[in-house]
Amino acid sequence: MARIEDIPEPTRSAVLGLAIAGFATQPFVAGPPLSSRRVAVITSAALHRRGEAPFQPGSAEVRLLPSAVPAVDLVMSHVSINYDRSGWQRDINTIYPLDRLRELAAAGVIGAVADTHFAVMGSTDPATMAETADQIVGQLRQERSDAVLLSPV
Amino acid sequence: MIESRGVPTVTLGLVRHHLVATAPPRALFVPFVLGRPLGEPEDAAFQTRVLRHALGLLERRDGPVIIEDFATDAPSHRARSGWELGIVLPGGTADAAGVAREIAAVMPYWHRAVARFGRSTVGITSIEPADMVGALAPYLAGGPVESPVAGLVPALALRFIADDLKAFYSEAAQAEGEHPGAGQVDRWFWSETLAGQFLVALRRAGMASADNAIRAFATRFLVPVPFLPEGEPR
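Residues numbered from 1 in each chain as written. Chains lettered and ligands numbered in written order. Predicted model: local features only at pLDDT ≥ 70, side-chain atom pairs only at ≥ 80, totals over all residues. Heavy atoms only, no water.

Remarks on the packing of aromatic side chains
Summed over all chains, the structure comprises 10 aromatic pairs over all chains. Where W190 of chain B meets F227 of chain B, the ring centres are 6.5 Å apart and the plane angle is 20°; that geometry is what we call stacked. Here W190 of chain B, found in helix α6 (residues 184–192), pairs with F227 of chain B, found in the segment after α8 (212–220); they are 37 residues apart in sequence, far enough to count as distant. A residue is classified by how much of its surface remains accessible, and W190 of chain B, at 10% relative accessible area, is buried. Overall, F227 of chain B belongs to the partly exposed group, its relative accessible area being 23%. The rings of W110, F168, Y169, W188, F189, W190 and F227 of chain B are connected pair by pair, giving a single aromatic cluster. Sitting over the face of the ring of W88 of chain A, R119 of chain B holds its NZ or CZ atom 4.8 Å from the ring centroid. (Phe/Tyr/Trp six-rings, centres within 6.5 Å; stacked < 30°, edge-to-face > 60°. Helix = DSSP H or I, 4+ residues; strand = E, 2+ residues; numbered from the N terminus. Buried < 20%, exposed > 50% of the residue type's maximum accessible area, 1.4 Å probe, protein only. Lys NZ or Arg CZ within 6 Å of the ring centre and 35° of its normal.)

Rendered as structure tokens:
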């Protein structure tokens, strides 16, 4: 676990049996050195601000997470009950590593941390998310973010 | 989907099988438990190792598909023998009154946990921990239920209040001492607490509901199957 043998049933069978369509093309975009990249995170943990409506199961929406939103303001409404939440409860960086990225930026390993990050609902069919991807990329371009770390749960 | 729109990506992957099937431009398979893509809570050095490995793939030019493996297990991948739970539960029966007493007993530990971690993940709905069991109890009757949360249908309210209740206990269980291995808190919650038994009873009642959505959520999204007691329908 996620070595497959560590995932309890019936989640293991569900994971192995998931129909994955794959993608028609294999895009591969080069970029400048890492030390000059502006890095954004896309988490599929269905994070959002406390007080906002929870994600609906199967939702294709994206929630924008400004860097300035503190961890104390974020909650998680992911549909699955079959993964560990104790790690995220202790330390948000276990799933959404902005503190680590800020340290890497301060050390010059990356150029900067993006101003806006993104949360989506894991397990939603990607085929329904084309408009969401357009929206995310529009925001990335507006902020000149040129690297994305995708973090699943 | 992001890379095809022109922005370079790297993904962490918790299921290697899925990485191979999706063939992303750059991916780092991490052998951690589901729910912990950076591996280890409160271990900045470990998290940074994972991140540096993943982000380093952004400088590679030998695509179009790069899948690497992170070779090290997270330290708390397995149960930790040093973890000891400080909570003393009052016992009793798993009815609404019993669970309310248990929540009151757990409350001081939860406040300590919130102080320790500087935050709480409880709060998907605005229902406070002391009011959760009262909000959930009407679902036990199995009949039509008015949603206790404005803006959420009854099935989603049930689901998210239950999530908050689980988070309340889980955070309280980590109020003191060394941190537990993945899964240890869940095993305690489902095997030791009245709240766990209460959620199992809610699941049973929900599975008999006339509300299709409550039936579906109760069946699949309240109690993880590995923690269902013997004899409960799967």
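A word on the packing of helix α4 (residues 129–136) of chain B against helix α5 (residues 154–173) of chain B
Residue and element names in this part refer to chain B. With their axes 10 Å apart at the nearest point, α4 and α5 run at an angle of 140° to one another. With respect to each other, α4 and α5 are oriented oblique. Crossing geometry of α4 relative to α5 is assigned as left-handed. Facing P129, M132, A135 and L136 of α4, the residues of α5 in contact are L158, I161, A162, D164, L165 and F168. Each residue belonging to the contact of α4 with α5 can be placed in one class, and the counts come to nine nonpolar, no polar and one charged. (Axes fitted to C-alpha atoms, helices over the stretch in contact; angles between N-to-C directions. Parallel < 35°, antiparallel > 145°, perpendicular 65-115°, else oblique. Left-handed = near helix turned anticlockwise from the far one by under 90°. Contact = heavy atoms within 4.5 Å. Nonpolar A, V, L, I, M, F, W, Y, C, P; charged D, E, K, R; others polar.)

Structural notes on unusual backbone geometry
The phi torsion of most residues other than glycine is negative, and most of the peptide bonds are trans. The residue after G63 of chain B, namely P64 of chain B, is reached through a cis peptide bond having omega 10°. Summarising the element assignment, P64 of chain B is placed in the loop between α2 (44–56) and β3 (66–69). If you check the backbone angles, R144 of chain A has positive phi at about 60° while not being a glycine. The phi torsion at A23 of chain B lies on the positive side, around 50°, for a residue other than glycine. Of note, A23 of chain B is situated in the loop between α1 (16–22) and β2 (26–29). The class for A23 of chain B is partly exposed, based on a relative accessible area of 25%.

Description of the domain arrangement of chain B
Residue and element names in this part refer to chain B. The assigned domain composition of chain B is domain 1 (3–69) and domain 2 (96–227). Summarising the inter-unit geometry, the C-alpha centres of domain 1 and domain 2 are found 33 Å apart. Listed as interface residues are five residues of domain 1 and, on the opposing side, four residues of domain 2. Along the contact surface separating domain 1 from domain 2 lie zero salt bridges. Taken together, the connections running from domain 1 to domain 2 amount to one residue pair in polar contact (both at pLDDT 80 or more). Its residues assigned to classes, the side of domain 1 that touches domain 2 comprises two nonpolar, no polar and three charged. (Domains from an automatic or database assignment. Salt bridge = Lys/Arg side-chain N within 4 Å of Asp/Glu carboxyl O. Polar contact = N/O pair within 3.5 Å; in protein donor to acceptor, adjacent residues only side chain to side chain.)

So, the side chain of T43 of chain A
Residues and elements named next belong to chain A. For T43, the location among the structural elements is in strand β1 (residues 38–43). A distance of 3.0 Å separates a polar atom in the side chain of T43 from the backbone nitrogen of A45. Residue contacts for T43: discarding those within four places in its chain leaves L65, I95, Y96, F118, A119, V120 and S151.

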